[in-house]
Amino acid sequence: MSLNSDVLYSSEYRENPEPVWEQMRDEHPLFYDEVGKIWWLTRYQDVLTVFSDHDTFSSSTYELTTGQVVGPTLISRDDYGHVVRRSIVAPDFVGKRMKSYLSMIEDCSRRLIEKFPENEEVALVRDFSSLLPVDVISSILGMVGEGHLFRQWVTDMIMGLSGSPASRERGLDANTAFCKHITPLLVDVDDPNRTDHIAKIARAEVDGHRLTEKEITAFCGLLFIAGGETTDKAIANMWWNVLTHPEALKNIQDDPKLWSNAFSETMRRTPPVISEDRFTTLPIELYGIEIPKGARVRVCMGAAHHDPTVFRSPNEFDIFRSDLHLEKELRSGNSKDPQRSGHLGFGQGKHFCIGYELARAEAVIGSQLIVEQCGSPRLATPDQRGPIIQGNSFMAVTELGLQFKPK
Ligand code: HEM
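Residues numbered from 1 in each chain as written. Predicted model: local features only at pLDDT ≥ 70, side-chain atom pairs only at ≥ 80, totals over all residues. Heavy atoms only, no water.

(A) Looking closely at the coordination of the iron atom of the ligand. Looking at the iron atom of the ligand, one finds just one donor atom contributed by the protein, Cys-353 (SG), at 2.3 Å. Relative to the assigned elements, Cys-353 resides in the loop between α17 (301–304) and α18 (356–374). (Donors = N, O, S within 2.8 Å, 3.2 Å for Na, K, Ca; no water. Helix = DSSP H or I, 4+ residues; strand = E, 2+ residues; numbered from the N terminus.)

Here you go:
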């Protein structure tokens, strides 16, 4: 059956993309979207291949999005410059060093929970998930100030990446406010007592030279928006998945460590980031069709995660899935267990998400604390809407009303 590109821009698709993704996977594994002028790949293996082949599929697409709002950063580079810049910050977000942030994540979570409205419905997104990631990343960067204002900057900067000219304008204004905020923090960066990331990035040298002020603010801006956005959506989607699956909720209440399984399965079933774009650096043939050089290719992780050749009954939410790598993600995508595949919600390869451990820690610690402090949760409205596609590449529950039965 033929597939009309217009469907990708319809509200039906935004609310329920899976039937379209299924048709693409089955009948049009390489689909040319004539409206967006984009080549779509939706099968798991194809998404993995594109993420891994940086020579053919370039991340320079980001020059047109983040590059326009925060300035040039490592995310749009495929060269050695990417590797050296990434190594300035990436080691701090994994393993032992990452563990030093756990108590801060707990403090930030507690502060938000203390402010939950009493004897009233809690709006998870408004009261918690939209704020925690911004509080955490601004604290890691060393920013001092008001969480709601920082949240607004992140929202505006994100909207500016791919929205209308008016949204781009607001995004640029928010970036200007962000830069004004961090510029005074760029003095005294050699103070050995400074452990914040603004100082760390400003002190770092690439081939014997420090980065320019423009590069430093852009680097910090990238961490600010990448760290402040998306984790909110992962938390909200995870709670929606858990609360619409009573068996999973019961298991998690019996063993709160299982929030971590729920996070992995959420990243597969309803990933907050559903697609990433690349430009081809040379003509390439796939499924007997030639994609020209300089074309935009969109890999759809949302569709790949429902590929039934990889995940059985892919639409089911199962926190004990035997075909998914349930533990902390692996940059290489390989699981030691050949029966299990990793989700691709943090990308793969060179540009694999820097904040994957941080995002998981925020979601797990924050959720454990909410249940511990507030009691047994349930949805305030039984016909709660599920995640919908927002913009080009996000998918999330827009709000989630919660009620608690105190212990
Ligand atoms: C659940 C939450 C998150 C999701 C779904 C997510 C998703 C992603 C994805 C898909 C990529 C790869 C982009 C590509 O290949 O085109 C990426 C890269 C990146 N993420 Fe995340 N991310 C999350 C949280 C975070 C956090 C908390 C941080 C803060 C440190 C962060 C920082 C970054 C950075 C800096 C990159 C660029 C890495 C590079 O180009 O080498 N992300 N993220």
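(B) Here's a closer look at the environment of Asp-337. Along the chain, Asp-337 falls in the loop between α17 and α18. When its relative accessible area of 28% is taken as the criterion, Asp-337 is described as partly exposed. Through-space distance from the C-alpha of Asp-337 to that of His-325 is 8.0 Å; in sequence the pair is twelve residues apart. (Buried < 20%, exposed > 50% of the residue type's maximum accessible area, 1.4 Å probe, protein only.)

(C) Spatial organisation of the packing of helix α14 (residues 231–243) against α18. Contact geometry of α14 with α18 gives a least axis separation of 10 Å together with a crossing angle of 45°. Compared by their axis directions, α14 and α18 come out oblique. Here the hand of the crossing between α14 and α18 comes out right-handed. On α18, the residues touching Thr-231, Ile-235, Met-238 and Trp-239 of α14 are Ala-359, Glu-362, Ala-363, Ser-367, Ile-370 and Val-371. A breakdown of the residues in the contact of α14 with α18 according to their chemical character gives seven nonpolar, two polar and one charged. (Axes fitted to C-alpha atoms, helices over the stretch in contact; angles between N-to-C directions. Parallel < 35°, antiparallel > 145°, perpendicular 65-115°, else oblique. Left-handed = near helix turned anticlockwise from the far one by under 90°. Contact = heavy atoms within 4.5 Å. Nonpolar A, V, L, I, M, F, W, Y, C, P; charged D, E, K, R; others polar.)

(D) Representation of the pairing of strand β7 (residues 275–280) in the model. The buried fraction of β7 is high, at six of six residues. Judged by which residues are buried, β7 turns out to be covered on both faces: Ser-275, Asp-277 and Phe-279 on one side and Glu-276, Arg-278 and Thr-280 on the other are all buried. With two bridges connecting them, strand β3 (residues 57–58) and β7 associate as antiparallel partners. Bridge pairing links Phe-57 to Thr-280 in β7. Pairing of β7 with strand β10 (residues 296–300) involves five bridges; the strand directions are antiparallel. Among the inter-strand pairings, Glu-276 is bridged to a residue of β10, identified as Val-299. (Pairing = 2+ DSSP bridges.)

(E) Expanded view of the site of the ligand. Around the ligand, a shell composed of 29 residues is seen, among which Tyr-62, His-82, Arg-278, His-351 and Cys-353 lie nearest. Contact distances for the ligand include 3.5 Å between an oxygen atom and a side-chain N or O atom of Glu-276. Arg-278 places a side-chain nitrogen or oxygen 2.7 Å from an oxygen atom of the ligand. Among the elements of the structure, α5 (80–89), α13 (213–228), α14, β7 and α18 are those that each provide at least two residues to the shell around the ligand. Of the residues forming the shell around the ligand, the biggest block, three residues, is contributed by α13. Broken down by class, the residue content of the shell around the ligand amounts to 17 nonpolar, eight polar and four charged. (Near = heavy atom within 4 Å. Polar contact = N/O pair within 3.5 Å; in protein donor to acceptor, adjacent residues only side chain to side chain.)

(F) Molecular detail of the sheet that holds strand β14 (residues 401–405). In space, the three strands of this open sheet follow the order β4-β14-β11, with antiparallel pairing throughout. Each edge of the sheet is formed by a strand with only one pairing partner; in this case those strands are β4 (122–123) and β11 (376–379). In terms of strand pairing, β11 meets β14 through four bridges, oriented antiparallel. Bridging across to β14, Pro-377 finds its partner in Phe-404. Sitting on the sheet, α14 touches β11 and β14, and the angle it makes with β11 is about 90°.

(G) Geometry of the nonpolar core. Membership of the largest hydrophobic core comes to 116 residues, with the highest contact counts inside it found for Met-143, Met-157, Phe-178, Ile-201, Phe-224, Trp-239 and Trp-259. Here this core gets eleven residues from one element, more than from any other, and that element is α18. Those residues in contact with Trp-239, other than ones at most four positions away along the chain, are Leu-124, Trp-259, Ser-367, Ile-370, Val-371, Pro-377, Leu-400 and Leu-402. Formed by 14 residues, the second largest nonpolar core is a distinct cluster that contains Leu-3, Val-20, Met-24 and Trp-40. (Core = buried A, V, L, I, M, F, W, Y, C linked by side-chain atoms within 4.5 Å.)

Read these as layout, nothing more, since geometry by itself doesn't imply function.
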